[in-house]
Amino acid sequence: MSWTRVCEVDDVEEEDVIGVSIDGRDIAVYRAEDGSFYASEGHCTHERMLLCEGLVMDGIIECPKHNGRFRITDGKAMGAPVTVDLRTHPVKVEDGEVHVDLG
Amino acid sequence: MSTSADLSSDVRRIVVVGAGECGTHAAMALRDKGFDGEITLIGRESVHAYERPPLSKGALAVDEMALVHPWTPEQLAQAHIDLRLGVEVMGIDLEAGTVTTTADAGGEEEIPWDRLLLALGSDPRRLQLDEVTYLRTHEDAEALRALLHPDGHLLVVGAGFIGLEIAAGARERGMDVTVVEAGSRALGRIVPEEVAAQVVALHEAHGVPLRVATTVTGLRREGDRVRAVLSDGDELLVDAVVAGIGATPTTALAEAAGLLVDDGIVVDEALRTSDPRVFAAGDCASFPDARSGGRVRLESWRNAHDQAETAAASMLGQTEAHVAVPWFWSDQYDQMLSVAGLPGTGERAVLRHRDDGVLLHLGLDAQDRLVHAAAVGPGAGVAKDIRVAEKLIAAAVPLDPAQLEDPGVPLRSILKAATA
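Residues numbered from 1 in each chain as written. Chains lettered and ligands numbered in written order. Predicted model: local features only at pLDDT ≥ 70, side-chain atom pairs only at ≥ 80, totals over all residues. Heavy atoms only, no water.

**Focus: the overall build of chain A**
Turning to step 1, where the next piece is worked out: Counting its regular elements, chain A contains zero helices and ten strands.
Turning to step 2, where the next piece is worked out: From first element to last, N terminus to C terminus, chain A shows the α and β order β-β-β-β-β-β-β-β-β-β.
Turning to step 3, where the next piece is worked out: Relative to the compact-globule value of 13 Å for 103 residues, chain A shows a C-alpha radius of gyration of 12 Å, a close match.
Turning to step 4, where the next piece is worked out: Of all 103 residues assigned to chain A, the portion counted as buried reaches 49%.
Turning to step 5, where the next piece is worked out: Partitioning the intrachain contacts of chain A with sequence separation of at least 6 by distance along the chain shows that 38% fall at a separation of at least 24.
Turning to step 6, where the next piece is worked out: Each charge class in chain A can be summarised by its mean position, and for the 10 positive and 22 negative side chains these summaries are 7 Å apart. (Helix = DSSP H or I, 4+ residues; strand = E, 2+ residues; numbered from the N terminus. Rg over C-alpha atoms; globule rule 2.2 N^0.38 Å. Buried < 20%, exposed > 50% of the residue type's maximum accessible area, 1.4 Å probe, protein only. Contact = heavy atoms within 4.5 Å. Lys, Arg positive; Asp, Glu negative; His and termini not counted. Charge placed at Lys NZ, Arg CZ, Asp CG, Glu CD.)

**Observations concerning the overall build of chain B**
Turning to step 1, where the next piece is worked out: From N to C terminus, chain B includes eleven helices and 26 strands.
Turning to step 2, where the next piece is worked out: Expected size for 420 residues packed as a compact globule is a radius of gyration near 22 Å; at 23 Å, chain B falls within 12% of this value.
Turning to step 3, where the next piece is worked out: Dimensions of chain B, computed from the C-alpha atoms along their principal axes, are close to 65 × 60 × 35 Å.
Turning to step 4, where the next piece is worked out: Within chain B, the proportion of its 420 residues that are buried is 55%.
Turning to step 5, where the next piece is worked out: Taking the intrachain contacts of chain B between residues at least 6 apart in sequence as the baseline, contacts between residues at least 24 apart amount to 61%.
Turning to step 6, where the next piece is worked out: Surface accessibility of chain B: about 17200 Å² in total, with carbon and sulfur atoms responsible for 48%.
Turning to step 7, where the next piece is worked out: Of the side chains in chain B, 37 bear a positive and 64 a negative charge, and the two mean positions are spaced by 3 Å. (Areas by Shrake-Rupley, 256 points an atom, 1.4 Å probe, with all protein chains shown as cover.)

**Side note on the sheet that holds strand E11 (residues 176-180) of chain B**
Residue and element names in this part refer to chain B.
Turning to step 1, where the next piece is worked out: Spatially, five strands are ordered E9-E16-E10-E11-E12 in an open sheet, and the strand pairing comes out parallel. With partners counted over all chains shown, the strands left at the sheet margins are strand E9 (132-133) and strand E12 (210-211), one partner each.
Turning to step 2, where the next piece is worked out: The pairing of strand E10 (residues 153-157) with E11 spans five bridges and is classified as parallel. If you follow Leu155 over to E11, its bridge partner there is Thr178.
Turning to step 3, where the next piece is worked out: Seen against the sheet, helix H5 (residues 161-172) touches E10, E11 and strand E16 (240-243) and runs at an angle of roughly 165 degrees to E11. (Pairing = 2+ DSSP bridges. Axes fitted to C-alpha atoms, helices over the stretch in contact; angles between N-to-C directions.)

**Thoughts on the interface of chain B and chain A**
Size of an interface, as often reported, equals the accessible area lost when the parts are brought together.
Turning to step 1, where the next piece is worked out: Contact residues are listed per partner, giving 23 residues for chain B and 22 residues for chain A.
Turning to step 2, where the next piece is worked out: Carbon and sulfur atoms make up 55% of the area that chain B and chain A hide from each other, which totals about 1800 Å².
Turning to step 3, where the next piece is worked out: When the area that chain B buries against chain A is broken down by residue, the three leading residues are Lys384, Arg387 and Arg412 of chain B, summing to 32%.
Turning to step 4, where the next piece is worked out: Counting across the interface, chain B meets chain A through five salt bridges.
Turning to step 5, where the next piece is worked out: Across the salt bridge formed by Lys416 of chain B and Glu33 of chain A, the nearest N and O atoms sit 3.9 Å from each other.
Turning to step 6, where the next piece is worked out: Taken together, the connections running from chain B to chain A amount to five residue pairs in polar contact (both at pLDDT 80 or more).
Turning to step 7, where the next piece is worked out: Only helix H8 (301-315), strand E22 (327-332), helix H9 (383-395) and helix H11 (411-419) of chain B provide two or more residues apiece to the side of chain B that touches chain A. (Buried area = accessible area lost by both parts, 1.4 Å probe. Salt bridge = Lys/Arg side-chain N within 4 Å of Asp/Glu carboxyl O. Polar contact = N/O pair within 3.5 Å; in protein donor to acceptor, adjacent residues only side chain to side chain.)

**Remarks on a negative patch on the surface**
Turning to step 1, where the next piece is worked out: Together, Asp93, Glu95, Glu108 and Glu110 of chain B give the surface a local cluster of negative charge.
Turning to step 2, where the next piece is worked out: Its location among the elements puts Glu108 of chain B in strand E6 (residues 108-112). (Patch = residues over 30% accessible without salt bridge, like charges linked within 9 Å, V, L, I, M, F, W, Y side chains within 5 Å.)

If you want it as structure tokens, here you go:
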């Protein structure tokens, strides 16, 4: 396991997403409505749009351009136009800081 | 979306005419909804469904154009969709319940159906002039790309979404570009004046002048170039002329079959035509808009997908009304323009100026309910707010204009309060 600190808990509003970069790789970090954190690849599997500009609602992230929808907990693609699941990454929160493990 | 399957047992054969994104999405949605009968998907283009939006956007600016296919041929084959590409449908026989196609070897083939979906799309409106290029298919895009070169001058006719996207793409390839527009301003159909002005300013900052209330009265080839005579008497010597002046629904087939057509194939809220076994979706369909009470026809990517879902459900007897909020977007240079809802129904407007350069125009009706939202700004910065606006339009509840105007109050907190 190799954890990278990416942000503070307060950097992400509830039901929102921010974009971070780990070793040049774009990663999306989500905060669910219940306060729990998730992380995924930063781009939509469809046309390489940055997901951090998208809207998080009811546990789903929507790509800002085509409204491709993915479940933030496990990256599952929720139907056309996206057919490929989003790769997710483990997240832990310690002392108010968010860490992501890209494996 | 309802997933409960009422698969009317008399529906065993479904034919979809039009294999673009709308028709193909509908075919795949039929399988998702549990239909296991025959699906024949007929398209006149020779390639399987690809996304048209990039053709006027990124595809013009890059060196190599690659088509984006939402489904692979393998996915379509696995779904047991009988895909007929490069095939023209010659006629529909409502009485016999068949379509007649051009078959291989020049003959004709009759294909029977229990349900028929027409996803015929639209065709670019044309000028009564030679020497003009239009953009609809990937072949059109290839032809247009061949005309774009850094030393040249491109004349764009029409300052709507397509015309301005082409102008931006050509400019990014280093061309000089002039845009003429017959109307009094750019983006007159669905974008409010304040937002359109910011888009025009963006073009001017990139060195693209817009000449409004101007038409092209004549085009004359002079060697490799074309001389354009404008309605104000000016003449421009250009290398190519491209027009983006709207589209007309592709309805000839429906009309010839005796289906009701009035600026589009007339359908009800379930996308059923005047024949209850025949449905229409996408650019070619004129449907009742629940919010405005009028009929609308939308030429948009999102609508093509949304209506494909509705049509698939309707054909299987799963009653489902089409109520999606219209949504449009455009990429120009490094900015995104996006619109939700339809204009013209708003009684008054509120402007929201965000400090990141995003301008939002929010149209409210007499009860202060949001009916229309348009925004322009850097990157994809408009996307979140327009998506929230779309949900506010769908919620149709009275809102506080002062809060909408204040960029310090997040739109999504307004949405949460409104839908709590």
